[in-house]
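Letter by letter, the chains look like this.
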Amino acid sequence: EDGSGGDILLWKRKAERYLISSGLEYTILHPGGLVDKPAGARELTVGVDDELLGQAFRQVPRADVARVCCAALTAPAAADLSLDLASRPEGEGAVTDSPGSLFASLGGKSCDYSTVLDD
């Protein structure tokens, strides 16, 4: 093996699909590039199926990822949802004060796993 990681994204998606088919309630979060910045200082953005790749800025503070994960534990709209997370640069947009509101903003959309091939 060359140590390049091979098809790591494919294997991640297969594991996510396995979780989805398990019948357990889940929230799957795909954060953008992680940065060491304070939480609660940026507008957070969400999307599905790599929609956020069209954004010029796709980083997100680790501390905000933690806030969103914690919010998913109690937000009914986060149940059985798979989403992408990024942020705008600090000072651009309205700061996301309530990360729990991000889940409902997707309007029921979730990442599509139908293209992930079986073993």
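Higher on the page you've got the structure.
Because the structure is a prediction, the values reported are computed rather than measured.

### Looking at the nonpolar core
Alright, step 1. Within the largest apolar cluster, 21 residues are counted, with the highest numbers of intra-cluster contacts made by Leu85 and Phe103.
Alright, step 2. Within the residue set of this core, elements represented by two or more residues are β3 (44–47), α2 (62–72), β5 (81–87) and α3 (101–104).
Alright, step 3. Ranked by residues supplied to this core, first place goes to α2 with four residues.
Alright, step 4. In this view, Phe103 contacts Thr27, Val68, Ala71, Ala72, Ala75, Ala77, Ala78, Leu81 and Leu83; residues no more than four positions away in its chain are not counted.

### Thoughts on the packing of aromatic side chains
Alright, step 1. This structure, assessed with the given rule, holds zero aromatic pairs.
Alright, step 2. Lying over the aromatic face of Trp11, Lys14 brings its terminal NZ or CZ to 4.5 Å of the ring centre.

### Here's the deal with the sheet that holds β3
Alright, step 1. Ordered in space as β1-β5-β3, the three strands form an open sheet in which the pairing is mixed. Either end of the sheet is taken by a strand with one partner, and the two such strands are β1 (27–31) and β3. Between one strand axis and the next, the sheet turns by 30 degrees as a mean value, whatever way the strands run.
Alright, step 2. Judged from the five bridges that link them, β1 and β5 form a sheet pairing that is parallel. Pairing of Leu29 across the sheet is with Leu83, part of β5.
Alright, step 3. Together, β1, β3 and β5 form the strand contacts of α2, whose direction differs from that of β1 by roughly 170 degrees.

### A look at unusual backbone geometry
Alright, step 1. Non-glycine residue Asp50 carries a positive phi angle of around 65 degrees.
Alright, step 2. Residue placement: Asp50 occurs in the loop between β3 and β4 (59–61).
Alright, step 3. Located in the positive-phi region is Asp80, a residue other than glycine, with phi close to 55 degrees.
Alright, step 4. For Asp80, a relative accessible area of 41% translates into the label partly exposed.

What counts and what doesn't
Residues numbered from 1 in each chain as written. Predicted model: local features only at pLDDT ≥ 70, side-chain atom pairs only at ≥ 80, totals over all residues. Heavy atoms only, no water. Core = buried A, V, L, I, M, F, W, Y, C linked by side-chain atoms within 4.5 Å. Buried < 20%, exposed > 50% of the residue type's maximum accessible area, 1.4 Å probe, protein only. Helix = DSSP H or I, 4+ residues; strand = E, 2+ residues; numbered from the N terminus. Contact = heavy atoms within 4.5 Å. Phe/Tyr/Trp six-rings, centres within 6.5 Å; stacked < 30°, edge-to-face > 60°. Lys NZ or Arg CZ within 6 Å of the ring centre and 35° of its normal. Pairing = 2+ DSSP bridges. Axes fitted to C-alpha atoms, helices over the stretch in contact; angles between N-to-C directions.

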